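So the chains spell out like this:
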Amino acid sequence: MAEALKPLVWLEGEIKTPPFTREGRVEAGTLLLRLQRGESLGMPHSRPMPSIGKGCHELRVRDGSHNWRIFYRLEPDCILILEVMQKKTQKTPAPVIAACQRRLADYRAARGGGKASG
């Protein structure tokens, strides 16, 4: 019997070559597959992002000389992809956090789930 995977719901961003290298794309895909299987990831692969909202995290993908971040939220029935970005600064830029919060709120409102904080 086939393994049940949580679907990925892409609200923003994509993972393709370029700009990712083939190796970076495979690494990102492997980490996302682990999440889809229900595996809990911690550092160095993932860390919580409470500044975006409850249950939000960032995947950390090292790709040659680049660092990528995939911001996501674990929902009961899926994994929401909120943003994919190349990390260029130590701190996540405020506009990126605000955009992720807005996408999450819009998604929850469209599903009748209300505020994005819970």
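See the structure printed just above.
Structure report, in brief. (Residues numbered from 1 in each chain as written. Predicted model: local features only at pLDDT ≥ 70, side-chain atom pairs only at ≥ 80, totals over all residues. Heavy atoms only, no water.)

1. Focus: the packing of aromatic side chains
Right, on to step 1. One pass over the structure, following the stated rule, counts 1 aromatic pair.
Right, on to step 2. With a centroid separation of 4.2 Å and an interplanar angle of 20°, the aromatic rings of Phe-20 and Trp-68 are classed as stacked. A residue pair is termed long-range when its members are at least 10 positions apart, and Phe-20 in the loop between strand 1 (8-10) and helix 1 (22-36) and Trp-68 in strand 4 (residues 66-74) qualify at 48 residues.
Right, on to step 3. Classification of Trp-68 as buried rests on a relative accessible area of 6%. (Phe/Tyr/Trp six-rings, centres within 6.5 Å; stacked < 30°, edge-to-face > 60°. Helix = DSSP H or I, 4+ residues; strand = E, 2+ residues; numbered from the N terminus. Buried < 20%, exposed > 50% of the residue type's maximum accessible area, 1.4 Å probe, protein only.)

2. What about the pattern of salt bridges?
Right, on to step 1. By the definition in use, this model includes 9 salt bridges.
Right, on to step 2. Across the pair Arg-34 and Glu-39 runs a salt bridge, and its minimum N-O distance is 2.5 Å.
Right, on to step 3. Judged by its relative accessible area of 25%, Arg-34 falls in the partly exposed class.
Right, on to step 4. For Glu-39, a relative accessible area of 35% gives the class partly exposed.
Right, on to step 5. Across the pair Glu-75 and Arg-73 runs a salt bridge whose closest N-O atoms are separated by 2.3 Å. (Salt bridge = Lys/Arg side-chain N within 4 Å of Asp/Glu carboxyl O.)

3. Description of the nonpolar core
Right, on to step 1. By size, the foremost hydrophobic cluster in this structure holds 15 residues, and its most contacted members are Leu-59 and Ile-70.
Right, on to step 2. Elements with a contribution of two residues or more to this core: helix 1, strand 3 (56-63), strand 4 and strand 5 (79-87).
Right, on to step 3. Broken down by element, the residue count for this core peaks at 4 residues, all from helix 1.
Right, on to step 4. Core analysis: the next-biggest nonpolar cluster, separate from the first, contains 13 residues, Cys-56, Leu-80, Ile-97 and Leu-104 among them. (Core = buried A, V, L, I, M, F, W, Y, C linked by side-chain atoms within 4.5 Å.)

4. Some words on the sheet that holds strand 2 (residues 46-48)
Right, on to step 1. Pairing is mixed in the open sheet, where 5 strands are placed in the order 1-5-4-3-2. What marks the edges here is a single partner per strand, and that holds for strand 1 and strand 2. With strand direction ignored, the average angle separating the axes of adjacent strands in the sheet is 30°.
Right, on to step 2. Across the sheet, helix 1 lies against strand 1, strand 3, strand 4 and strand 5, angled at about 150° from strand 3, the strand it touches most.
Right, on to step 3. Lying over the sheet, helix 2 (residues 94-110) contacts strand 1, strand 3, strand 4 and strand 5, oriented at roughly 165° with respect to strand 5. (Pairing = 2+ DSSP bridges. Axes fitted to C-alpha atoms, helices over the stretch in contact; angles between N-to-C directions. Contact = heavy atoms within 4.5 Å.)

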